[in-house]
Amino acid sequence: MASKFTELAIDCADPHGLAAFWCSVLGYEMQGDDDGVVTIGSPLVPEGRNRPGPVPPTLTFARVPEGKTGKNRLHIDVNPTDREQDAEVRRLLDLGARHADVGQGDASWVVLADPEGNEFCVLASRCP
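The structure displayed is predicted, hence computed values, not measured ones. (Residues numbered from 1 in each chain as written. Predicted model: local features only at pLDDT ≥ 70, side-chain atom pairs only at ≥ 80, totals over all residues. Heavy atoms only, no water.)

(A) Inspection of the sheet that holds strand 1 (residues 7-12) at higher detail. A sheet is described by the order of its strands in space; here 4 strands give the open sequence 1-4-3-2, paired in mixed fashion. The open sheet terminates on both sides in strands that have one partner only, identified here as strand 1 and strand 2 (29-34). On average, each strand axis in the sheet is tilted by 20° relative to the strand beside it, whichever way the strands run. Inspection of the sheet shows strand 3 (residues 37-41) paired to strand 4 (residues 58-63) by 3 bridges, in the antiparallel sense. Residue pairing for strand 4: threonine 39 is matched across the bridge by threonine 60. (Pairing = 2+ DSSP bridges. Helix = DSSP H or I, 4+ residues; strand = E, 2+ residues; numbered from the N terminus. Axes fitted to C-alpha atoms, helices over the stretch in contact; angles between N-to-C directions.)

(B) Seen up close, the packing of aromatic side chains. Applying the stated rule across the entire model yields 3 aromatic pairs. When the centroid spacing of 5.4 Å and the interplanar angle of 90° are considered together, the rings of phenylalanine 21 and tryptophan 22 count as edge-to-face. This pair shows no difference in class: phenylalanine 21 is buried, exactly as tryptophan 22 is. Seen in terms of ring centroids, phenylalanine 21 and phenylalanine 120 are 6.3 Å apart; in terms of plane orientation they differ by 65°. Their pairing is edge-to-face. Taken together, the residues span a long stretch of sequence, with phenylalanine 21 in helix 1 (residues 15-26) and phenylalanine 120 in strand 8 (residues 119-122) at a distance of 99 residues. Take phenylalanine 21 and phenylalanine 120: they sit in the same class, and that class is buried. Aromatic ring contacts, followed pair by pair, group Phe21, Trp22 and Phe120 into a single cluster. (Phe/Tyr/Trp six-rings, centres within 6.5 Å; stacked < 30°, edge-to-face > 60°. Buried < 20%, exposed > 50% of the residue type's maximum accessible area, 1.4 Å probe, protein only.)

Here's what the structure looks like:
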């Protein structure tokens, strides 16, 4: 059996604040808070790591003393599933995201940054 992607660890200054932002973005819920390391995940698959097949990955936020200094080399892409891309971008901006320029030019996706400056992309809608 191959490995499966179960968790993405994100260094940050405010684990609780960033976890709350991403819970709102993804429809996730808090799943753990162990000495300031906050884990969020899908409410539909709370046992994620223990399932044999693919699962939505959890996100873990850990406090670090240093700030972000450059463009992320790894980032999250999201697809809206119940609205169009422009409506989702507006929703995410209202949650605290901001537009980011990473040299994307005229692209079909929109680059935003979370409240701590981590870039992520909003791809085209996957509305049914």
